[in-house]
Amino acid sequence: MTEFLINNMAPIIFAFMVIFMLVGFPVAFALAANGVVFGLIGIELGLIGPQIFQALPDRVFGVMSNDTLLAIPFFTFMGLILERSGMAEDLLDTIGQLFGPLRGGLAFAVIFVGALLAATTGVVAASVISMGLISLPIMLRYGYDKRLASGVIAASGTLAQIIPPSLVLIIMADQLGRSVGDMYKGAFIPGFVLTGLYVGYVVLITLFKPSHAPALPPEARSLRGAKLALRVLTTLVPPLFLIFLVLGTIFLGIATPTEGGAMGATGALIMAIMRKRLSWSLLKQAMETTAKLTTFVVFILVGARVFSLTFYGVDGHRWVEHLLTDLPGGEIGFLIVTNILIFFLAFFLDFFELSFIVVPLLGPVADKLGIDLIWFGVLLAVNMQTSFMHPPFGFALFYLRSVAPASIKTTDIYWGAIPFVCIQIIMVGLVIMFPQMVTFGLDEDVKVDLDKVIIEMQDSGYGVPETPPGISGTPEENAPAEEDPNKAIMDSMKQDAAK
Amino acid sequence: MNALLKLSGLIDALTERVGKSLIWLVLIMTIISAGNAVMRYTIHYSSNAFLEIQWYLFSAIFLLGAGYTLKKNEHVRIDLVAGKFSKRGQTWIDIFGIIFFLMPMAIAIMYLSWPVFMLAIETNEQSNNAGGLTVWPARLMVPVGFFLLVLQGLSELIKRVGFLKGLCPDPTEKPKGPTAEEELALAIKAQKGEL
């Protein structure tokens, strides 16, 4: 029994992690508890040094002083203020008028505005709600197919996940040990290509099923000519200004992504004040939601770090690595399997859970296989975007349901989402086939942010001395890990334990 | 049991007060960070103290706010299985989770992080960055944050036992009134009505 436990500790911990989380208690605490419980068992069995828990406060401290994560509250705050500033409504109204005369015009407007909102607010719920309330009724009134209308709205809303500045990309950068700026640059072209694929799908619909996406009749358009042109220009100013303030300053190197988020949030506040949309209650609500979101997100990470302390302590990472590097097909095989895994996990887990729990297990393996981690991160981000559209749990569908008129059946929303989930899968395939989409915008040598690497790699420094038979452990560690102060401490602990 | 429920009420009031004060740090942090970027670009002035105060505030939000977020029942769960249970079943899960998951890990981190704070005080630990801040306030936030989490955990435990005994209302019941998403929808509808 003890023998069995010792030899199979990593899979056992992993299985219990799944069970602990499925119990339905908050993920952060379940994960941390898993780490503590199995840490004690590991010490009892002599697998881990008794001092392992001394590293716990340090784990928490590492999360606290993480500059990258600081961007999470900023971008959340910015999105919450912006969604109530009326910008989305103005955009949908005006762009709808502009594209209205075209066949499929309203659908194009939704996609275009979805992409613009994605580059500013980055809040899926807000985009979907605004579009569902403003564009959906007009689309239905003029004879759009219900499924097409709801599908295009849900899908365009989720663009916020892949087009920078998105929270997923920030967390992905953090977990994979790359800079957020590079992750943003890498996601740019795939974001546009995906938007293009949505447009392409609507074009196909207008060609083969014109009755599903008719043009607006003249009486539906209140503005035209110079008046319309002026309206379009004035409504485009605020989002473009914000995009410059955030992404422009980041890409030009004026501000760090964290500061870009803070500038964007300040810009959004100023804009909301100028439009007389900012009230005390709105401000307080936005701050409170930001504080709570930051807390639960960062706590999942704290939980994951406590878990990984034990999991890596018993060489769990080598077990995962062993499982994944032996896949047939090498690099491509690994990418396909991980993407299928993420795709199905995304039915049950949200992207915070996926990025904090699953990605740190996959990242080091990808790195060892020579996969560019920016490419890998963007790929997973595109994949995780589907988790918002999966029927029946997808959040975008849920929010759309909450604002859609009763004439749209829930099954319409589900069926409407399916073509877009397929487009998403095609997009994952495209990113795998054409990594240039991601690497094009990056510098020749992807610059490695040393600090981040250390944070990422310190986990892989444990368990060097004793490698259980049957697990192909390579004794040499990645260079950055050598610089990690924690590794030295952990190694000495291990040696103590061995004595 | 009544004394315990009274204690739970006191803890809730404390948590509520801490949470409601903490949210202002979001605004302060935003202004400091944006101001820091602007100053560095315009008048080329920057200081590590400004950079460090940002993550001090960030840490204060999530560490000291952990109990508040617990009280609001906003820590993310996977309710795939639990969602199928009755209200009482879910309450039992929470009681089990608080006793066996939340408490041990929170007490462990609280207990282990206290000496780290004491050491920072004794050695007068300073930031590694030139012009940085003194470190003990950051070290102190860990045990205090987890202490608040333990306290709130205790209060949640009392309320759940009370609920099972029929002594108090369902503690996970969301306060009446629209959610943030519903409010957004209302605001857009109101605006459409004006147009």
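All chains use their own residue numbering, which begins from 1 and follows the written sequence. Written order determines the labels here, with chains lettered from A and ligands numbered from 1. Note on the predicted model: pLDDT of at least 70 is required for a residue's local features to be given, and 80 or more for side-chain atom pairs to be given and counted; whole-chain, interface and lining totals, by contrast, use all residues. Neither water nor hydrogens contribute to the side-chain values; these are computed over all heavy atoms in the structure.

Colleague: Please set out the packing of aromatic side chains residue by residue, giving values where relevant.
Modeller: Aromatic rings from Phe, Tyr and Trp, with only the six-membered ring used for Trp, were paired whenever their centres fell within 6.5 Å, and each pair was classed as stacked if the ring planes differed by under 30 degrees, edge-to-face if by over 60, and tilted otherwise. Taken as a whole and judged by the stated rule, the model has 35 aromatic pairs over all chains. Where F16 of chain A meets F20 of chain A, the ring centres are 6.1 Å apart and the plane angle is 85 degrees; that geometry is what we call edge-to-face. Here F16 of chain A and its partner F20 of chain A are both found in helix α2 (residues 9–22), four residues apart, which amounts to about one turn of the helix. F16 of chain A sits in the partly exposed class, given a relative accessible area of 35%. Burial classes follow relative accessibility: with a 1.4 Å probe on protein chains only, a residue under 20% of its type's maximum area counts as buried, one over 50% as exposed, and anything between as partly exposed. On the basis of relative accessible area, F20 of chain A is assigned to the buried category, the value being 12%. Plain terms: the ring middles of F96 of chain B and F101 of chain B are 5.7 Å apart, the flat faces sit at 70 degrees to each other, and that makes the pair edge-to-face. For helices the rule is a DSSP run of H or I covering at least 4 residues; for strands it is a run of E covering at least 2, with both sets numbered from the N terminus onward.

Colleague: Please set out the interface of chain A and chain B residue by residue, giving values where relevant.
Modeller: Two residues form a contact once any of their heavy atoms are found within 4.5 Å. Of the residues lining the interface, 73 residues belong to chain A; the matching set on chain B comes to 65 residues. Note: buried area is the sum, over both parts, of the accessible area (probe 1.4 Å) each one loses when the two are combined. Here chain A meets chain B over a buried area of about 6300 Å², counting both sides, of which 77% is carbon and sulfur. The rule for a salt bridge is simple: a side-chain nitrogen of Lys or Arg has to be within 4 Å of a carboxyl oxygen of Asp or Glu. Summed over the shared surface of chain A and chain B, the result is four salt bridges. Residues E183 of chain B and R84 of chain A are paired through a salt bridge, measuring 3.8 Å at the closest nitrogen-oxygen approach. Polar contact is the term for a pair of N or O atoms within 3.5 Å; when the atoms are in protein, one must be able to donate a hydrogen and the other to accept it, and sequence-neighboring residues count only if both atoms are side-chain atoms. Inspection of the chain A/chain B interface yields nine residue pairs in polar contact (both at pLDDT 80 or more). In terms of residue count, helix α14 (residues 280–313) of chain A provides more of the side of chain A that touches chain B than any other element does, 17 residues in total. Of the residues assigned to the side of chain A that touches chain B, the class counts are 51 nonpolar, 11 polar and 11 charged. Amino acids are sorted into nonpolar (Ala, Val, Leu, Ile, Met, Phe, Trp, Tyr, Cys and Pro), charged (Asp, Glu, Lys and Arg) and polar (every other residue, Gly among them).

Colleague: Explain the confidence of the model for chain A residue by residue, including any values.
Modeller: Note: pLDDT gives the predictor's confidence per residue, expressed from 0 to 100. Residue-level pLDDT values for chain A average 83, and 88% of them are 70 or greater. The model gives residues 444–499 of chain A a pLDDT under 50, and that stretch makes 83 contacts with residues more than four places away or in other chains.

Colleague: How would you summarise the nonpolar core if you had to cite specific residues and measurements?
Modeller: In terms of nonpolar packing, the biggest core is built from 226 residues, with M64, F77 and F376 of chain A together with F146 and L149 of chain B touching the most fellow members. No other element matches the 18 residues that α14 of chain A contributes to this core. Each nonpolar core is a collection of buried residues, namely Ala, Val, Leu, Ile, Met, Phe, Trp, Tyr and Cys, held together in the definition by side-chain atoms within 4.5 Å.

Colleague: An account of the pattern of salt bridges is needed here, citing residue identities and associated values.
Modeller: Applying the stated criterion across every chain yields a total of 19 salt bridges over all chains. Here E321 of chain A ties to K368 of chain A by a salt bridge, and the two come within 3.4 Å at their closest N and O atoms. Linking E321 of chain A in helix α15 (residues 316–325) with K368 of chain A in helix α17 (residues 351–368), this pair joins segments that are 47 residues apart in sequence. Salt-bridge contacts for D12 of chain B lead to K159 of chain B; the nearest nitrogen and oxygen are separated by 2.8 Å. You can see D12 of chain B sitting in helix α1 (residues 2–22) and its partner K159 of chain B sitting in helix α6 (residues 136–164), a full 147 residues away along the chain. As far as burial versus exposure is concerned, D12 of chain B and K159 of chain B are alike and both buried.

Colleague: I'd love a proper account of helix α9 (residues 146–158) of chain A, names of residues and values included.
Modeller: Residue and element names in this part refer to chain A. For a helix, the expected span equals 1.5 Å multiplied by the number of residues minus one. Under the 1.5 Å per step criterion, the end-to-end length of α9 is 19 Å for 13 residues, consistent within 8% with the ideal 18 Å. Of all 13 residues that make up α9, 11 are buried, and the element is covered over most of its length. When α9 is considered as a whole, its buried residues turn out to be L148, A149, S150, G151, V152, I153, A154, A155, S156, G157 and T158. Residues of α9 that are buried in the fold lie against α7 (105–118), α8 (124–141), α11 (180–208), α18 (373–385), α19 (395–403) and α20 (410–433).

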